[in-house]
Amino acid sequence: SVEAAICEFEDLPAPEREWFDVEVSLEIRRLYRGLRQEIAARPDSTLEERLRPVLYRLVAFREQRVYPFLRVDDRVYLRQLVRRILEWLNSDHQDPEEGKRLWEDLTSFTRILAQVSYRQELREHDRELVAKVHHALFGSRPALSRVPDWCFTDMEALLGLDDDLDVLVLARRARPLSVWRAPLERLLHSLRRKEEHTVSRLSASWWDE
């Protein structure tokens, strides 16, 4: 933590680290999902009205217990965004073009933050959970007629992984099972493909040694 803080303060390259605490990674994913939702809210409002709640959410990041576990580069860029938003909001002459660039940078950065789901510990967690739910809904006998309550509860840990699945999980309604098949199978295929790619890359590296 001290090393990371020094690098951050001195604008030095961030030390490379991997965090293997699944709960921490899940909380970070939920944090980033909340930011993306805030940015997508109020699409018909003025830029100033959209930026203010985003600013409050960014400032609140520092109060989160997982803040020290965010990548140093992400924390640095988040602070830069807060400074730019404050300067634009407090300006006597808010430049529309600068405001547009600021919003574009903000939305682009949140897409990068969504890559938190690529962390190895999250990929393993997500793959196992998606496979478990998929088997329960479509592989169990006798076949289910509705989504069990435990599936909704368990899949809350997947929030932030996939927008389509988020909608189904948060609705918590007895939808037909058929609407779950496509997003679950798409995620299952994607997560398995990433894992196979990782294994193949590691095997090739071992063979070359």
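Scroll up to find the structure.
On a predicted model such as this, the values are computed, not experimentally measured, just so you know. Every residue gets a number counted from 1 within its own chain, in the order that chain's sequence is written. This being a predicted model, a pLDDT of at least 70 is required before a residue's local features are given, and a value of 80 or more before pairs of side-chain atoms are given or counted; all residues contribute to the totals for chains, interfaces and linings. The side-chain numbers reported here are obtained from all heavy atoms of the structure, hydrogens and water having been left aside.

For side chains bearing opposite charge, pairing can occur when the charged atoms are close. Any carboxyl oxygen of Asp or Glu that lies within 4 Å of a side-chain nitrogen of Lys or Arg is treated as forming a salt bridge with it. As enumerated under the stated definition, the model contains 17 salt bridges in all. Its salt-bridge partner being Asp126, residue Arg29 comes within 2.7 Å of it at the nearest N-O pair. Residue Arg29 is found in helix H2 (residues 22–40), and its partner Asp126 is found in helix H6 (residues 120–138); the two are separated by 97 residues along the sequence. The exposure classification of Arg29 matches that of Asp126, with both residues buried. The salt bridge partner of Arg101 is Glu98, with a shortest N-O separation of 2.8 Å. Here Glu98 and Arg101 lie together in helix H5 (residues 96–113), a separation of three residues that amounts to about one turn. Note on Arg101: relative accessible area 41%, which makes it partly exposed. Strands here are runs of E lasting at least two residues and helices are runs of H or I lasting at least four, both read from the DSSP assignment and numbered beginning at the N terminus. Here's how the labels work: a residue is buried when its accessible area is under 20% of the maximum for its type, exposed when over 50%, partly exposed in between, all with a 1.4 Å probe on protein chains only.

Below, the discussion takes up the layout of surface pockets. Summary: where empty space remains is shown by rolling a probe the size of a single water molecule over the atoms. Site definitions follow a grid-based scheme: protein atoms alone, a 1 Å grid, a 1.4 Å probe that fits but cannot get out for cavities, and for pockets an open set with protein on both sides within 12 Å along at least five of seven lines, plus lining residues having an atom within 4 Å of a point. Grid points are joined across faces, edges and corners, and a volume is the space filled by probe spheres set on the points. Taken as a whole, the second largest pocket holds about 270 Å³ of empty space. Lining of the second largest pocket is provided by 13 residues; of these, Ala114, Ser117, Tyr118, Leu161 and Asp162 occupy positions nearest its centre. Of all the elements, helix H9 (residues 178–208) adds the most residues to the lining of the second largest pocket, at four residues. Here the lining of the second largest pocket is composed, by residue class, of five nonpolar, four polar and four charged. Each residue gets one label: Ala, Val, Leu, Ile, Met, Phe, Trp, Tyr, Cys and Pro are nonpolar, Asp, Glu, Lys and Arg are charged, and the others, such as Gly, are polar.

Residues belong to one nonpolar core when they are buried, are Ala, Val, Leu, Ile, Met, Phe, Trp, Tyr or Cys, and are joined through side-chain atoms within 4.5 Å. Residues Leu58, Phe61, Leu137, Met155, Trp180 and Leu184 are the most contacted members of the largest nonpolar core, which totals 50 residues. Contributing elements (two or more residues each) for this core: H2, helix H3 (47–61), helix H4 (72–90), H5, H6, helix H7 (149–155), helix H8 (163–171) and H9. Counting residues per element, this core draws most heavily on H2, which supplies seven residues.

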